[in-house]
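Single-letter residue listing:
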Amino acid sequence: MGTVDTEPYSSSVVMDGRHKVAVPPPRPFFQSLKNTLKETLFPDDPLRQFKNQPGSRKLRLGLQYLFPIFDWGSRYSFDFFKADLIAGITIASLAIPQGISYAKLANLPPILGLYSSFVPPLVYAMMGSSRDLAVGTVAVASLLTGAMLSRDVNPNENMKLYVHLAYTATFFAGLLEASLGFLRLGFIVDFLSHATIVGFMAGAATVVCLQQLRGILGLDHFTHATDVVDVLRSVFSQTHKWRWESGVLGCCFLFFLLLTKHFSKKKPKFFWISAMAPLTSVVLGSLLVYLTHAENHGVQVIGPLKKGLNPPSASDLAFGSSYLMTAIKTGIITGVIALAEGIAVGRSFAMFKNYHIDGNKEMIAFGMMNIVGSCTSCYLTTGPFSRSAVNFNAGCKTAVSNIVMAVAVMITLMFLTPLFHYTPLVVLSSIIIAAMLGLIDYEAAMHLWAVDKFDFLVCISAYVGVVFGSVEIGLVVAVALSLLRILLFVARPRTVVLGNIPNSTVYRSVEQYPAAATVPGILILEISSPIYFANAGYLRERITRWIDEEEDRMRAEDKEIRTLQYVVLDMGAVGGIDTSGISMLEETKKAADRRGLKLVLANPGSEVMKKLNKSKFVESQLGHGWMFLTVAEAVSACNFMLHSIKPVEKDGKKLDDDGEEEEAAGKWRV
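This structure is a prediction, so every number in the text was calculated from the model and none was measured.

**Remarks on the overall build of the protein**
Scanning the protein from terminus to terminus reveals 26 helices and 10 strands. Its C-alpha atoms give the protein a radius of gyration of 33 Å, clearly above 26 Å, the size a compact globule of 670 residues would have. Considering only C-alpha atoms, the protein reaches an extent of 115 × 65 × 55 Å along its principal axes. Taking all 670 residues of the protein together, 50% fall into the buried category. Restricting to contacts in the protein with at least 6 residues of sequence separation, those with at least 24 account for 77%. Averaging the positions of the 61 positive and the 56 negative side-chain charges in the protein gives two centres separated by 8 Å.

Here it is, written out as structure tokens:
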């Protein structure tokens, strides 16, 4: 795609009482290529701060770019630390039970959830640019990891290989994220539109909630499938194995968690109540099981957890495994989803506090923390919304809150893991369900329906694909529909008829402005996209149809001028054109000539003018006299010709000066 020049070119000159459309001066090929790559990959110009700086200053700025902690660390104060300490302890109380719960959701040992809440937050605190993001495991990525890896390796039969594949998937997810950041390819993630994410997250949350019926009902055997049909079949085919003790306990804790969340939502200053509720549930559930020996009465518990910090796992990466492609596929899909969620959450909270985060820098931070995490017994992490919202509401000031959380998890790993032995699995299921219900954003879906029906279709397609198919199917369907919409925007650009706003020289769409009046004898069309091979044929046919419709309309009305004479194309919104687009203009010009019409171009941009000039279209076919700087100038010139030059007709046929009939509309009498 061509890039619109931003440099000034030769000034317009006045010709025949009007301004001439200027052609930008030619540029060397490599300079044009450099500018195009710069606008594509570096739209924010991150290297601007390095210009005209000494070497030592550049080194310092480079370190601050890769490690933002060196930038804000020098301005850190004790007041900031007090706020971050409170926020860090608060999110730690949420991270510990969620980490254990989400690890179980991924079919991984619960201790990996705690490991993943220790090392990655430390890496992000040094490299991340968000002040509010709280790093940790997330339910959707955990569900994806468990669903995709379990198809090839049964965790109940070969847990060691399964864990190694999870590490390997995390490594490739981090490698993908860091590569996208370093190569400035973050715009790829934008193909996951807001509608896609809303539907996908809601579908994944629904599946996760249904799968937690296993823990709520105390079932030992359960399907590894994620679609709603298989999950419900697995639930209702084992009604004789439902354990009422587990069900009652699960419903009580779920009611408690939802009640605290509702209270904190109504009273935002009491946010800490819902934040502490999961850990409170774990403590109360563990005490209840320990005192009543409920594990002997059908209530399943976590069991012993290994004490100590993360063991190294670099040697456990399964690069030589026959299941390597499964790990790579899992890493790519989960990495993209985690990246989209983390960046969206970070940008949301940055908007609230009026600061900016660099998307590409965030990708590098996410990638590095997952690469390091894969070598320290962690699985995929990102910035979950629930934990980040608690961090935000707790008044965090910087990423130090992540360091505080990591220290709290470290203390838990070193001294407190034996206390989780009697934690009932039903409590973990209740925690997951309470968290997932917040991801089913029906209000956002209704907003999509009210604003854009196609976006709503994308949202519902993603939801249905996830719930009735699989997570991958839902994602593929939603992305495919989003890409289809992009193709429709490109291949079927909007063209509108322009009319004159009364008492002005402004021309706007007659559909949007009913008061805008069309000009007799002149059809003014606005093309609202670049003209490329994908839409050139459509535009040619659409312009022809506009001409047919305008001629039919003029014949039906009693006008002084009953035939169409000029077709003006407003090119102001055409940012670029390729050779197919130029061929389309040539064919349109020839078709207009055959019908006795004159093609006129108005307001072409610099990129369009460069291509038209190089192709000799203006010089050899259109003529410089039919290229205008504005629509108003084009209409004024056409009106002058209409009212000063009249065709002489005889029996409906044009005559030349000798009274001979002319087949072509080329000769006119004054």
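**Regarding unusual backbone geometry**
It is generally the case that most residues other than glycine have a negative phi and that most peptide bonds are trans. Its identity as a non-glycine residue notwithstanding, N107 has a phi of 65°, on the positive side. For N107, the position within the fold is in the loop between helix 4 (78–105) and helix 5 (110–115). You will see that N354, though not glycine, has its phi angle at about 60°, which is positive. With respect to the helices and strands, N354 occurs in the loop between helix 14 (324–353) and helix 15 (359–374). Here N354 falls in the exposed class, since its relative accessible area comes to 71%.

**With respect to the environment of M609**
One can find M609 in helix 24 (residues 606–614). With 588 residues separating them along the chain, M609 and V21 place their C-alpha atoms 8.5 Å apart. Setting aside residues up to four positions removed in sequence, M609 forms contacts with V21, A22, V23, P24, P604 and M627.

**Notes on the confidence of the model for the protein**
The predicted model of the protein averages 84 in pLDDT, with 92% of residues at 70 or higher. Across residues 1–15, where pLDDT falls below 50, the model places 29 contacts with residues more than four positions away in sequence or in other chains.

**Structural notes on the nonpolar core**
Grouped together as the largest cluster of nonpolar side chains are 101 residues, with contacts concentrated most on L108, L112, L144, F200 and M436. Dropping the residues within four chain positions of it, L108 is found in contact with A103, Y162, V163, A166 and Y379. L564, V567, L585 and L622 belong to the second-largest nonpolar core, a separate cluster that totals 49 residues.

Cut-offs used in this document
Residues numbered from 1 in each chain as written. Predicted model: local features only at pLDDT ≥ 70, side-chain atom pairs only at ≥ 80, totals over all residues. Heavy atoms only, no water. Helix = DSSP H or I, 4+ residues; strand = E, 2+ residues; numbered from the N terminus. Rg over C-alpha atoms; globule rule 2.2 N^0.38 Å. Buried < 20%, exposed > 50% of the residue type's maximum accessible area, 1.4 Å probe, protein only. Contact = heavy atoms within 4.5 Å. Lys, Arg positive; Asp, Glu negative; His and termini not counted. Charge placed at Lys NZ, Arg CZ, Asp CG, Glu CD. pLDDT = per-residue confidence, 0-100. Core = buried A, V, L, I, M, F, W, Y, C linked by side-chain atoms within 4.5 Å.

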